[in-house]
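# Descriptive analysis of the structure
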Amino acid sequence: MSSATAIIIGGGVIGLSTAYQLARKRFGKVILLEKGPVGDGSSSRAGGIITGLLWSETGILARKLSLTLYRELSEELPGYRFGDVGCLNLFDPPAWPERARLLPLYDQLGAPYEILDAGEMHRRWPELAPGETDIGLLDPLGGYSEPEEYVPALAQRCRELGVVIREGTQVNGFVQRNGRITGVTTADGPIEGDAVICTIHTWTQQLLAQLGWPSPFKAFVHQRYVSTPLSADPTAAIHLPAINANPYNGYIRPARGHRLLAGGETGWREEFRTPAPDFRMSALTVPPAVQEKLARDLTPLVPALGRTQWESEKVGLIAFALDGEPLLGPLAEMPGLYIGCAFHSGGFAYNPAAGLLLAEFVADGRTQIDVSAFAPDRFAPGDVAAYLTTTVVQDGAVQRRH
Ligand SMILES: Cc1cc2nc3c(=O)[nH]c(=O)nc-3n(C[C@H](O)[C@H](O)[C@H](O)COP(=O)(O)OP(=O)(O)OC[C@H]3O[C@@H](n4cnc5c(N)ncnc54)[C@H](O)[C@@H]3O)c2cc1C
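In this report, we go over the structure that sits alongside the text. Source: prediction; values computed, not measured. All residue numbers here refer to positions counted from 1 along the written sequence of the relevant chain. Where local features are concerned, this predicted model is filtered to residues with pLDDT of at least 70; where side-chain atom pairs are given and counted, the filter is 80 or more; whole-chain, interface and lining totals use all residues. For side-chain calculations, the full set of non-hydrogen atoms in the structure is used, while hydrogens and water are omitted.

## A short note on the overall build of the chain
Of the regular secondary structure elements, the chain holds 10 helices and 19 strands. When we talk radius of gyration, it's over C-alpha atoms, and the globule rule is simply 2.2 Å times the number of residues to the 0.38. The globule rule puts the C-alpha radius of gyration for 402 residues at 21 Å, and the 21 Å found for the chain is close to it. Dimensions of the chain, computed from C-alpha atoms along their principal axes, come out at roughly 65 × 45 × 45 Å. Burial statistics for the chain: of 402 residues in total, 59% are counted as buried. We call two residues in contact whenever any of their non-hydrogen atoms come within 4.5 Å of each other. Considering only intrachain contacts with a sequence separation of at least 6, the fraction spanning at least 24 residues in the chain is 76%. Split by element, the accessible area of the chain, about 15700 Å² in all, is 52% carbon and sulfur. Positive: Lys, Arg. Negative: Asp, Glu. His and the chain ends are not part of the count. We put the charge of a Lys on NZ, of an Arg on CZ, of an Asp on CG and of a Glu on CD. Counting 35 positive and 43 negative side-chain charges, the chain places the centres of these two groups 4 Å from one another. Counting from the N terminus, the helices are DSSP H or I runs at least four residues long and the strands are E runs at least two residues long. Note on classification: 1.4 Å probe, protein chains only; a residue is buried when its accessible area is under 20% of the maximum for its type, exposed when over 50%, partly exposed between these limits. Methods summary: accessible areas were calculated by the Shrake-Rupley approach with a probe of 1.4 Å, and residue burial reflects only the protein chains presented.

## A few points about the nonpolar core
Formed by 66 residues in total, the largest nonpolar core has its most connected members in Leu-22, Tyr-150 and Leu-328. For this core, the leading source of residues is helix H9 (residues 347-364), giving 11 residues. If sequence neighbours within four positions are ignored, Tyr-150 has contacts with Val-13, Ser-17, Tyr-70, Leu-73, Leu-77, Tyr-80, Phe-348, Asn-351 and Pro-352. Definition of nonpolar core: a set of buried residues of the types Ala, Val, Leu, Ile, Met, Phe, Trp, Tyr and Cys, connected through side-chain atoms within 4.5 Å.

## A closer look at the pairing of strand S11 (residues 189-192)
In the case of a regular strand, side chains alternate between the two sheet surfaces. When DSSP finds two or more bridges between a pair of strands, those strands are recorded as paired. Across four bridges, the pairing between strand S10 (residues 180-186) and S11 is antiparallel. Along S11, the bridge assignment pairs Thr-185 with Pro-190. Taking the residues that link successive antiparallel strands as the turn, the S10-S11 hairpin has two residues.

## Here we look at the state of the cysteines
Only a pair of cysteine sulfur atoms within 2.5 Å counts as a disulfide in this structure description. Summed over all chains, the structure comprises zero disulfides. No disulfide involves Cys-198; its sulfur sits 7.2 Å from the nearest other cysteine sulfur, which is in Cys-341. Exposure remark for Cys-341: the relative accessible area of 1% places this residue in the buried category.

## Quick word on the packing of aromatic side chains
Stacked, tilted and edge-to-face are the three classes applied to pairs of Phe, Tyr and Trp rings, where Trp contributes its six-membered ring and a pair requires centres within 6.5 Å; stacked means planes under 30 degrees apart, edge-to-face means over 60, and tilted covers the rest. Under the definition given, this model contains 13 aromatic pairs. Arranged with centres 5.4 Å apart and planes meeting at 20°, the rings of Tyr-70 and Phe-82 form a pair that is stacked. A residue pair is termed long-range when its members are at least 10 positions apart, and Tyr-70 in helix H2 (residues 57-76) and Phe-82 in the loop between H2 and strand S4 (87-91) qualify at 12 residues. By the burial criterion, Tyr-70 is buried, and Phe-82 matches it.

## Points about the sheet that holds strand S9 (residues 171-177)
Read across the open sheet, the three strands follow the order S9-S10-S11; overall the sheet is antiparallel. Strand pairing shows two members of the sheet lacking a second neighbour, S9 and S11, which therefore form its edges. Each strand of the sheet is rotated relative to its neighbour by a mean of 35°, with strand direction disregarded. Axis definition: a line fit to C-alpha positions, over the contact stretch in the case of helices; interaxial angles, taken between N-to-C directions, run 0 to 180 degrees.

## Side note on the pattern of salt bridges
A carboxyl oxygen of Asp or Glu within 4 Å of a side-chain nitrogen of Lys or Arg is what we treat as a salt bridge. This structure, assessed with the given rule, holds 20 salt bridges. Salt-bridge contacts for Asp-84 lead to Arg-71; the nearest nitrogen and oxygen are separated by 2.7 Å. Taken together, the residues Asp-84 in the loop between H2 and S4 and Arg-71 in helix H2 connect sequence positions 13 residues apart. As a salt-bridge pair, Arg-123 and Glu-120 come within 2.9 Å of each other at their nearest N and O atoms. With a gap of three residues between them, Arg-123 and Glu-120 both fall in helix H5 (residues 118-124), about one helical turn apart. Relative accessible area serves as the criterion here: at 58%, Arg-123 is assigned to the exposed category.

Rendered as structure tokens:
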């Protein structure tokens, strides 16, 4: 074990996974600082859907890692099980050619898939009633994780591995020495470390503005719902995959207690600027019309939804970098500082791989896959400035789902 110290800011799934991987590598002392309780940001609010069938080589390779790690974590974390039901990505005929162009890349990178027509989808999942022209791209390795199982189980495992998790501790700034980031400041004083890993999602913009770094992403409010049980028998299983139902403006998957979990876009909504460093996502709200529209949009696809009401709502934030890809890795101009954020609506899916890759950057100085396409400082400063000075609605940002 080394005598080094790593400081992780943020106790969402990205920070927890990084802490877990650093502890497994016996990096040294690993301290995670979280301003609220762990999972206080988007992580406890996520739908938890994961597919490996993304749109870029780096994304596909990172998701392959995530899918392997999720299965290992399923064995390792008491109280957590990966929802191994497959992920069905739906397309309508106009959207399909763009995705079909990626099939050779999936073949080349060993990301398995099946293409299903409407009849075959209905045969496999009788609860599903796709439109006649819908095309299904099934990721047989995909599925979902329940955030309320995964987040506490991962935090608990981190503690068992010796990670110091300090909840209720907000980082207010950085310690800098000789052009390096050598620690963070909190209300209780500075904490010195060899590496600082910033995994604070949309709060990154405010904290890193202190270092003169404009974070190249925009954030949007996003919401998901869980239905009342489909039947009186809460132990009955729902035979459905996790579905990225693109032609139906949303996504839907089985949830605990014979329920359905679903979410959807609000493309008309203007970007959200995190108002203060101590902002909490519990302050976010959504007009009631959103949940009514979601049920209307998704019921033709999953008619059983029509027999339910929405029982609970979770509202959080999703963040999109200029090109829609994550920001992950060291910041070249600030040695000692590493960043993991802007995972679009797919940070839950990315988290096991993102944590491993950040831990590799910190502990080994290199990663097992080339993630230069995710380098946080990959954009030209002029492009970032132009992006950040405009205000857009979500439909005007890059469109990415899970
Ligand atoms: C409704 C909804 C549904 C979603 N569905 C999916 C899905 O199906 N699949 C998927 O892959 N992704 C999904 N996502 C996206 C996913 O939730 C996020 O990408 C992911 O949780 C981001 O994790 P994180 O650790 O980066 O951020 P967070 O979970 O937000 O964690 C950041 C943490 O940093 C803390 N923090 C902030 N500032 C400071 C500070 N100065 N000092 C200390 N701590 C600080 C915050 O309190 C917070 O706990 C969804 C998101 C939402 C909102």
